[in-house]
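# Report on the structure
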Amino acid sequence: MDYLLGIDLGGSSIKSVAVTRDGQTLAHAHEDFNAEARMEWASDIRRLVAGVTEERKAPPVGIGISAPGLAAKDRRSIACMPGRLSGLTGLNWTEFLERKELVPVINDAHAALLGESWLGAARTVRNVFMLTLGTGVGGAALVEGRLLTGHIGRGGHLGHICLDPDGAPDVTGMPGSLENAIGNSTIQIRGKGQFATTHDLVAAYEAGDSNAGKIWLESVRKLACGAASLINVLDPEVIIIGGGIARSGPALFRPLQQELDKVEWRPLGSGVKVVPAQLGELAGAYGAAFQALPHKSFKAVQSVLG
């Protein structure tokens with residue numbers, strides 16, 4: 001059976017899916033790597049491709065890569081990724097994986113929304129934005145059914161909007177960004193070293209730790225203010241929240257809705273629906289697979305990519 005392989009490179013883990021052209025999942029995997037070891041993730045991905053090829057007794061008909069940063073216009077590499085994953089910028093994945101056909105590369109949050117548009121929570125909408133809460137905060141938007149990329153691919157980097165002009169700069173230099181407000185990369189700072197991960201913070205909050213509650217709810221309040229600001233810009237039908245932090249479930253979505261009730265502009269009375277990503281942490285891998293559809297399905301890809 002022909003299959004596509006979608007690979008999503010995150011800040012500390014690699015997610016992958018083997019999927020048919022019509023979206024049937026054949027296999028998926030999740031593997032952590034040492035972010036401090038230079039390009040360990042690259043050798044892990046090469047080994048992953050070889051392993052899937054051996055397991056399925058045939059190479060994939062297409063491979064797509066999702067990764068943080070700005071994708072190059074020729075879709076062969078990440079053109080810019082400040083601050084993390086040394087060696088990623090400029091890496092030509094078609095050459096690195098020794099493939100004859102293009103291995104298209106896409107920003108990870110863009111990929112996550114493509115995955116949700118193909119198989120998940122955005123299948124029936126034309127105006128939607130997504131926030132992926134993980135090591136950083138990714139973002140992507142569909143506007144009238146087309147993925148917003150902008151002039152140089154910077155479009156949709158919603159995690160880098162400014163919430164506090166006097167705050168510390170993030171990896172792009174933006175002070176007081178949404179990414180710094182809730183991304184896992186700043187948890188040591190926000191938690192004053194008390195919590196190793198956001199999951200630890202949320203667990204303490206759910207256990208009744210008042211200090212954890214103060215830190216967590218302040219982060220969620222800032223997330224709500226950022227989301228409400230983006231609603232005023234993009235006017236979506238739906239907001240999708242994905243990424244590892246979205247696994248917090250009600251601990252995230254309940255206070256987020258309460259804060260949106262306070263700050264969202266609702267001129268017609270009803271608020272924008274906020275939903276979790278249906279594809280979970282694999283959304284980016286599905287989106288990477290989607291953009292690797294072979295030529296006969298290319299029109300379907302282009303209708304979303306614009």
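Whatever comes next refers back to the structure up there.
Summarised in this report is the structure supplied together with it.

Analysis parameters
Residues numbered from 1 in each chain as written. Predicted model: local features only at pLDDT ≥ 70, side-chain atom pairs only at ≥ 80, totals over all residues. Heavy atoms only, no water. Salt bridge = Lys/Arg side-chain N within 4 Å of Asp/Glu carboxyl O. Helix = DSSP H or I, 4+ residues; strand = E, 2+ residues; numbered from the N terminus. Buried < 20%, exposed > 50% of the residue type's maximum accessible area, 1.4 Å probe, protein only. Phe/Tyr/Trp six-rings, centres within 6.5 Å; stacked < 30°, edge-to-face > 60°. Core = buried A, V, L, I, M, F, W, Y, C linked by side-chain atoms within 4.5 Å. Contact = heavy atoms within 4.5 Å. Pairing = 2+ DSSP bridges. Axes fitted to C-alpha atoms, helices over the stretch in contact; angles between N-to-C directions.

Before going further, it helps to examine the pattern of salt bridges. This structure, assessed with the given rule, holds 11 salt bridges. With a shortest N-O distance of 2.8 Å, Arg47 and Asp44 are connected by a salt bridge. Of this pair, Arg47 and Asp44 both sit in helix α1 (residues 40-56), three residues apart, which is roughly one turn of that helix. The class of Arg47 is partly exposed, set by a relative accessible area of 46%. Among the ionic pairs, Asp261 bridges to Arg266, the shortest N-O distance being 3.0 Å. The exposure class assigned to Asp261 is partly exposed, which follows from its relative accessible area of 45%. Each of Glu31, Asp44 and Arg47 takes part in a single network of salt bridges with overlapping partners.

Next up on the list: the packing of aromatic side chains. The tally for this structure, following the rule as stated, stands at three aromatic pairs. Pairing Trp93 with Phe96 gives two aromatic rings, centres 5.5 Å apart and planes at 80 degrees, and the pair type is edge-to-face. With Trp93 and Phe96 both in helix α2 (residues 93-96) and three residues apart, this pair spans about one turn of that helix. For the pair shown, Trp93 and Phe96 are each scored as buried.

Soluble globular proteins: nonpolar side chains tend toward being buried together. Formed by 35 residues in total, the largest nonpolar core has its most connected members in Phe129, Leu131, Leu133 and Ile241. In this structure, Ala111, Leu142, Leu147 and Ala289 belong to the second largest nonpolar core, which totals 30 residues.

Let us look at the side chain of His110. Positionally, His110 belongs in helix α3 (residues 108-119). Taking the relative accessible area as the measure of exposure, His110 reaches 4% and is therefore buried. Setting aside residues up to four positions removed in sequence, His110 forms contacts with Gly139, Ala140, Leu147, Leu148, Thr149, Gly153, Gly155 and Gly156.

Moving on, we come to the sheet that holds strand β4 (residues 62-67). The mixed open sheet is built from five strands, whose spatial order is β3-β2-β1-β4-β7. Because the sheet does not close on itself, it has two edges, and the strands there are β3 (25-32) and β7 (105-107). Within the sheet, the average angular offset between the axes of one strand and its neighbour, ignoring direction, is 15 degrees.

Our focus in this paragraph is the sheet that holds strand β12 (residues 273-276). In a beta sheet, neighbouring strands pair by backbone hydrogen bonds and run either parallel or antiparallel. With mixed pairing, the five strands of this open sheet are ordered in space as β10-β9-β8-β11-β12. Either end of the sheet is taken by a strand with one partner, and the two such strands are β10 (146-147) and β12. By the bridge criterion, five bridges tie strand β8 (residues 128-133) to strand β11 (residues 238-242) in an arrangement that is parallel. Note on β11: the bridge partner recorded for Leu131 is Ile241. Across the sheet, helix α8 (residues 250-263) is in contact with β8, β11 and β12; its angle to β12 comes to roughly 165 degrees.

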